[in-house]
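# Structural overview for review
Each chain, letter by letter, is given below.
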Amino acid sequence: MAQLTDDCFAFSGPLLPVDDLERIIRDRIDPVPEIETVPLLRARGRTLAHDVRAPINLPPFDNSAVDGYAVRHADLNPDTDTTLIVADRITAGRAATHPIAPGSAIRIFTGAPMPEGADTVFMQEDVRAEDGRVIVPPGLKPGSNRRLAGEDIAAGSIALPAGRVLSIADVALASALGLTGLSVRRRIRVALFSTGDELTEPGRPLGRAQLYDANRALLAGLIEALGASVTDLGILPDDPAHLAPALKEAAGDHDLVLTSGGVSTGEADHVRDAVEAVGSLVFWRVAIKPGRPVAMGVISGSQDVNAAFVGLPGNPVAAFVTFVRVVRPLLMRLSGANPPLLVPLPVRAAFGYRKKQGRREYVRVALRRGADGVIEAHKHRQEGAGVLTSLTETDGLVELSENTTTVEPGSTVGFLPYASLIG
Ligand code: AMP
Ligand code: MG
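Reference entry: report on the structure contained in this document. (Residues numbered from 1 in each chain as written. Chains lettered and ligands numbered in written order. Predicted model: local features only at pLDDT ≥ 70, side-chain atom pairs only at ≥ 80, totals over all residues. Heavy atoms only, no water.)

### Focus: the environment of Ala307
What counts, and what does not: In DSSP terms, a helix is any run of H or I states spanning at least four residues, a strand is any run of E spanning at least two, and both are numbered starting from the N terminus. Contacts are assigned to residue pairs with any non-hydrogen atoms lying within 4.5 Å of each other.
One can find Ala307 in strand 21 (residues 306-312). As a C-alpha pair, Ala307 and Val190 span 117 residues in sequence and 9.4 Å in three-dimensional space. Contacts of Ala307, omitting those with residues within four sequence positions, involve Leu4, Ala251, His254, Asp255, Leu256, Val257, Gly297, Val298 and Ile299.

### Concerning the site of ligand 1
Operational definition: Any residue with a non-hydrogen atom lying within 4 Å of a molecule or strand is treated as near it. Whenever two N or O atoms come within 3.5 Å, that pair is a polar contact, provided that in protein one can donate a hydrogen and the other can accept it, and provided that, for residues adjacent in sequence, both atoms are side-chain atoms. Working definition of accessibility: Shrake-Rupley area with a 1.4 Å probe, residue cover restricted to the visible protein chains. For this classification, Asp, Glu, Lys and Arg are treated as charged, while Ala, Val, Leu, Ile, Met, Phe, Trp, Tyr, Cys and Pro are nonpolar and the rest, including Gly, are polar.
Every residue near ligand 1 is listed here: Ser194, Glu198, Leu199, Leu211, Asp213, Ala214, Asn215, Gly261, Gly262, Arg292, Gly314 and Asn315. A distance of 2.9 Å separates a nitrogen atom of ligand 1 from a polar atom in the backbone of Ala214. Asn215 is positioned with one of its side-chain polar atoms (N or O) 3.4 Å from a nitrogen atom of ligand 1. With the chains in place, 79% of the 490 Å² that ligand 1 exposes on its own is no longer accessible. Looking at side-chain class alone, the shell around ligand 1 contains three nonpolar, six polar and three charged residues.

### Side note on the packing of aromatic side chains
Note the cut-off: Only the six-membered ring of Trp is used, alongside the rings of Phe and Tyr, when aromatic pairs are assigned; centres must lie within 6.5 Å, and planes under 30 degrees apart are stacked while those over 60 apart are edge-to-face, with the rest tilted. Burial status follows relative accessibility: with a 1.4 Å probe on protein chains alone, a residue under 20% of its type maximum counts as buried, one over 50% as exposed, and anything between as partly exposed.
For the structure shown, the criterion picks out three aromatic pairs. A ring pair is formed by Phe9 and Trp284, whose centres lie 5.8 Å apart and whose planes are at 80°; its orientation type is edge-to-face. In this pair, Phe9 sits in the segment before helix 1 (18-28) while Trp284 sits in strand 18 (residues 279-284), placing the two residues 275 residues apart along the sequence. With a centroid separation of 6.3 Å and 90° between ring planes, the pair formed by Phe351 and Tyr353 is classed as edge-to-face. The exposure classification of Phe351 matches that of Tyr353, with both residues buried.

Written as structure tokens, this is what we have:
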């Protein structure tokens with residue numbers, strides 16, 4: 001289980017800047033200790049527990065990068081064509097049986113080992129071959145078209161660092177190094193609830209004043225994209241008598257209990273009381289928009305194991321943004337993952353905007369190419385934190401820093417594609 005102290009989320013201050021939030025999580029939360037070995041093809045998205053060193057050189061031997069003719073560069077005329085006898089033929093998977101003799105060339109194919117003594121390869125398109133000879137032009141540099149053993153990665157060096165969230169390419173690299181499994185942290189287990197008397201499960205008839213639950217679908221997808229597992233525990237009513245035992249039970253076998261809704265200061269918001277009955281709770285007024293206060297807590301489960309608790313705002317867009325900025329770093333930290341660098345891409349704003357200083361703001365935008373070919377960000381026409389189509393009809397978020405107060409149309413802004421925020 002996650003090892004959490006009751007006060008690990010304690011924070012005093014009016015507004016919590018995003019950078020401080022990330023520091024609190026990094027400093028006060030430890031990765032889960034359990035490690036397991038998974039077969040290579042199941043490793044994508046998991047977090048590497050230890051550095052992986054290359055057990056062999058990659059490539060394992062010097063080889064040709066092209067189909068052509070291997071030569072000794074020293075045999076070549078510097079200013080005119082050179083005629084060489086074609087002495088041998090090596091295809092990929094076979095090794096030459098004897099070294100290359102002076103004055104000769106060896107027909108070679110991509111991936112075949114360089115014959116001993118040969119140092120350079122001519123591409124077949126660049127030579128003339130006739131009657132067992134090959135005529136090669138002057139000017140090719142020594143070492144051309146030859147791949148050296150270990151030039152991709154040298155035996156003994158770190159191929160993949162601990163904390164890496166394994167990508168498809170990482171798995172391919174591990175496979176090329178001959179590995180069959182990788183040591184990863186165990187999956188983080190998340191219990192997921194929605195709260196609200198107004199919420200209805202899709203598939204059921206919709207009563208008056210009811211709406212279908214959107215957040216569990218949203219949050220379950222975001223959790224799974226991070227390589228964690230989700231236990232979907234349904235919808236809880238706005239009633240502390242139901243909420244408290246359900247949260248406590250979920251805490252017993254999960255690292256994180258995640259809810260949405262019911263954490264504003266409205267009278268019908270009972271999540272606060274319920275969490276306080278079974279653990280401790282603080283409100284983080286994270287300095288972001290959209291996103292209201294996020295409730296952070298620790299719930300003591302049975303047998304003295306604690307689970308983290310995060311209560312996200314109910315409005316789906318606020319839930320999305322606060323998940324990305326609060327829950328994602330928390331889940332990554334629990335799984336020992338190094339958070340990837342988020343690099344906003346420069347795009348041209350096709351909108352003007354004003355904001356308050358001191359908080360980070362996220363504007364939902366669609367990208368389109370302007371008349372001059374430059375990529376432009378178009379702000380969605382609806383800004384409401386409950387408007388789901390403002391997510392489905394856009395490509396990502398423009399991130400406006402704490403210091404920004406205005407965006408002039410035509411200025412350059414930083415764009416974060418949804419894909420960079422998910423997983
Ligand atoms: P709350 O944070 O509980 O005050 O909810 C804020 C708004 O979000 C209200 O309009 C709720 O009806 C709505 N809401 C809360 N939870 C969900 C959910 N799971 N799916 C869709 N809308 C929700
Ligand atoms: Mg509610």
